[in-house]
Amino acid sequence: MFAEQGPEIWIGTYGNGISCLDIEKNKFRNLFQNDKDPTTISSSLIYSFYRTRDGYLWACTEGGLNKINTKTYKVEGRYFTIWDEAEKGEKYSRTHRTSKMWEDEKSNFWVSVIGGGLMYVNTKTWDFERFRFKESDSTTISDNRIFDMVYDKINNALWLATYNGGLCEFNLKTRKVKRHIFNKKRPQGLSSNWCVSLKIDSLTKMLWIATEGGLNGIDLKAYSADRKNPVFFHYTQNEGLLDNTVLSVLPDGRGNLWLSTEKAIYHYYPPRKVHGTLDEKDHPNGLIKIYNKANGIPLNSSSPLAAVYSPFDKRVYFGDAGLCAFNPDSVFENKIMPKVYITSIKLFDKYIYGDTAAFETKTLTLKYNQNFLSFSFAAPGYFFPENNRLAYKLEGVEEKWNYCGLKNGVDYTNLDPGEYIFRVKAANNDGYWNEKGAVVFITISPPFWKTKWFYVLVAVLFLLTIYLVIRFRERKLKKEKIILEEKVSLRTRELKEEKEKVELQKNIIEEKQKEIVDSIRYAKRIQKAHLPTDNYIVKVMDRFRKK
């Protein structure tokens, strides 16, 4: 679908050509395929529209590009309507299945082809250059099946949404590709490789990607500064969507978005962390309003949903099984917040509280081995309760809310002893949250060997044991000291007695020695008295020699 400032809405159908709705006159003008008339469209399967600077409207169709004069409603040119020469290994080429186009500053075209990759078209000669997937070259596009394409002025690149190759950034200067592929190990990356719709919000400079894994967004200014580790913003069923397969995304010109899925149309107000329009404290994931069968918006099939916002009459137009339009400002705004109830509590899959008993339960005390809990909850309402959404968290285990849509139950296993608070909150169809919600305070008692009194008892016993050991050691040391002192005293006495004996022996020896010395001296005196002197002997010897 395509709309501008004027009163016309251009609608491409899947098999029934093009319809142009004049909003003022409430009349349709139809363009059908007629192979015999070159002024008609070349195919009844229409993928997208693009307005070039010369005022022509181009239709990307199953049969190639069609140049439409919006004044005469005639086709003034058909392009790529004939099968081209098949590349090696292919049965045929799919150049004619054009899905999206963009006009550069030289009025040449860049055309994405479902199954044929990306083409650069010289509009003077109508020669073209093809850019396709090559397994051996990671700088080529990751999938030849391109669903959508949008030009990024900040990075001078074309962003390509592929069927199963994720998101590709095609650098118009280098003609090289940077691939963004889903990776489970990188939660801040792209959430799915199936990308179907792209839009750039000129106000917020955000690139929004509709994927099978929810809505993705990337700040193009931040990406321009750091291409190595781009951070993708995610909005999924966990945050408020009824299903994760987003089929189209459309900025409303005020920093907000229109989204479509198989189950609903959404008006999404991103949070402050994206571009600063909401209070992040109250709406950390943004605010979303849901429009579907529950509040009178007919959605009858599971086909990709085309939607467009017309600034002319400020209405949203969408096509599913027919065409529907509504003014979101005139839709009743439900400000009544739903009540939240915890409907049942199970322990090891057996009910311990149910119905009214669960409503009234505020506290829950369990033993240490009663640690497998299940909660069921509900948020009934008077207006469109099918579009109410729930969120829960177990404080003590989780820091962030789990946004679960209409899922109304959760299990927690192997909870450690401690204190927990289980909280549930709910939002109505217009995104007004009952933040008070329902609360259960849970205490899981620890086993006796993990209680405070047991720790105190162990500490007391430990200190007492240390005290007794010290006392025992002191008594033992005292006893050993007494024994040692007795031994020292005894040995001292023995040494004293031995000393006395030694001194007595010494005295006796000294007396004996004195007696001997005196005897020797006496003998010498006797000797001197009876023996001749030396002089006398000398004189006698001299006499004998003379004779």
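A brief report on the enclosed structure follows. Bear in mind that the values here come from a model prediction, so they are computed numbers and not experimental data. (Residues numbered from 1 in each chain as written. Predicted model: local features only at pLDDT ≥ 70, side-chain atom pairs only at ≥ 80, totals over all residues. Heavy atoms only, no water.)

## A short note on the sheet that holds strand β17 (residues 195-201)
Think of a sheet as strands paired side by side through backbone hydrogen bonds, with each pair either parallel or antiparallel.
Next up, step 1: Across the sheet, which stays open at both edges, the four strands sit in the order β17-β18-β19-β20 with antiparallel pairing between neighbours. The open sheet has two edge strands with one neighbour each: β17 and β20 (233-235). Averaged over neighbouring strand pairs, the angle between their axes works out to 20° when direction is ignored.
Next up, step 2: Taken together, the three bridges between strand β19 (residues 214-219) and β20 define a ladder with antiparallel strand orientation. Opposite glycine 217, over in β20, you have phenylalanine 233 as the bridge partner. (Pairing = 2+ DSSP bridges. Helix = DSSP H or I, 4+ residues; strand = E, 2+ residues; numbered from the N terminus. Axes fitted to C-alpha atoms, helices over the stretch in contact; angles between N-to-C directions.)

## Comments concerning the sheet that holds strand β32 (residues 389-395)
Next up, step 1: Read across the sheet, five strands follow the order β30-β36-β35-β32-β33 without closing on themselves; strand pairing throughout is mixed. With one partner strand each, in any of the chains shown, β30 (363-366) and β33 (402-405) form the two edges of the open sheet. On average, each strand axis in the sheet is tilted by 20° relative to the strand beside it, whichever way the strands run.

## A short note on the nonpolar core
Next up, step 1: Residues Leu373, Phe375, Phe377, Phe422 and Ile442 are the most contacted members of the largest nonpolar core, which totals 25 residues.
Next up, step 2: Every residue in contact with phenylalanine 377, bar those within four places of it in the chain, is listed here: Tyr341, Ile342, Thr343, Leu390, Tyr392, Cys404, Lys407, Asn408, Gly409, Val410, Phe422 and Val424.
Next up, step 3: Counting 20 residues, the second-largest nonpolar core is a separate cluster that includes Val246, Leu257, Leu259 and Tyr268. (Core = buried A, V, L, I, M, F, W, Y, C linked by side-chain atoms within 4.5 Å. Buried < 20%, exposed > 50% of the residue type's maximum accessible area, 1.4 Å probe, protein only. Contact = heavy atoms within 4.5 Å.)

## What to know about the environment of asparagine 414
Next up, step 1: Examined against the element boundaries, asparagine 414 turns out to sit in the loop between β34 (409-412) and β35 (418-427).
Next up, step 2: Once the C-alpha coordinates of asparagine 414 and glutamine 370 are considered, the two residues, 44 residues apart in sequence, prove to be 8.6 Å apart.

## A closer look at the packing of aromatic side chains
Next up, step 1: Counted according to the given criterion, the structure contains 30 aromatic pairs.
Next up, step 2: Centre to centre, the rings of tryptophan 208 and phenylalanine 233 are 6.0 Å apart; their planes meet at 85°, and the pair counts as edge-to-face. Taken together, the residues tryptophan 208 in strand β18 (residues 206-211) and phenylalanine 233 in strand β20 connect sequence positions 25 residues apart. With respect to burial, tryptophan 208 and phenylalanine 233 carry one shared label: buried. (Phe/Tyr/Trp six-rings, centres within 6.5 Å; stacked < 30°, edge-to-face > 60°.)

## Here we look at the environment of aspartate 411
Next up, step 1: If you trace the backbone, aspartate 411 turns up in strand β34.
Next up, step 2: Along the primary structure aspartate 411 and phenylalanine 372 are separated by 39 residues, whereas in three dimensions their C-alpha atoms are 7.5 Å apart.
Next up, step 3: Leave out the neighbours within four places in its chain, and aspartate 411 touches Leu373 and Ser374.
Next up, step 4: At 2.6 Å, the side chain of aspartate 411 forms a polar contact with the side chain of serine 374. (Polar contact = N/O pair within 3.5 Å; in protein donor to acceptor, adjacent residues only side chain to side chain.)

## Some thoughts on a negative patch on the surface
Next up, step 1: Negative charge collects at one region of the surface, where Glu497, Glu498, Glu500 and Glu503 lie side by side.
Next up, step 2: Residue glutamate 500 is classed as partly exposed on the basis of its relative accessible area of 46%. (Patch = residues over 30% accessible without salt bridge, like charges linked within 9 Å, V, L, I, M, F, W, Y side chains within 5 Å. Areas by Shrake-Rupley, 256 points an atom, 1.4 Å probe, with all protein chains shown as cover. Salt bridge = Lys/Arg side-chain N within 4 Å of Asp/Glu carboxyl O. Lys, Arg positive; Asp, Glu negative; His and termini not counted. Charge placed at Lys NZ, Arg CZ, Asp CG, Glu CD.)

## Observations regarding the pairing of β17
Side-chain positions along a regular strand alternate between the two faces of the sheet.
Next up, step 1: Burial analysis of β17 places five of its seven residues in the buried class, which makes it a mostly covered element.
Next up, step 2: Two elements, β17 and β18, share six bridges in a ladder whose sense is antiparallel. Within β18, the residue paired with lysine 199 across the bridge is tryptophan 208.
Next up, step 3: Connecting β17 to the antiparallel partner β18 that follows it, the hairpin turn spans four residues, and lysine 205 within it adopts a positive phi of roughly 60°.

## Details of the pairing of strand β31 (residues 373-378)
Next up, step 1: Sheet topology places strand β28 (residues 341-347) next to β31; six bridges connect them, and they run antiparallel. Bridge pairing in β31 places leucine 347 opposite leucine 373.
Next up, step 2: Two strands pair when backbone bridges link them, and β31 and β34 are joined in this way by four bridges, in the antiparallel orientation. Each bridged residue has a counterpart across the sheet, and for serine 376 the counterpart in β34 is glycine 409.

## Some points on the pattern of salt bridges
Next up, step 1: Enumeration over the complete set of coordinates arrives at 14 salt bridges.
Next up, step 2: Here aspartate 148 makes a salt bridge to lysine 100, at a shortest N to O gap of 3.4 Å. Of this pair, aspartate 148 sits in strand β13 (residues 146-152) while lysine 100 sits in strand β9 (residues 98-103); the two residues are 48 residues apart in sequence, bridging distant segments of the chain.
Next up, step 3: Judged by relative accessible area, which is 4%, aspartate 148 ranks as buried.
Next up, step 4: Between glutamate 395 and lysine 393 there is a salt bridge, and its shortest N-O distance comes to 4.0 Å.

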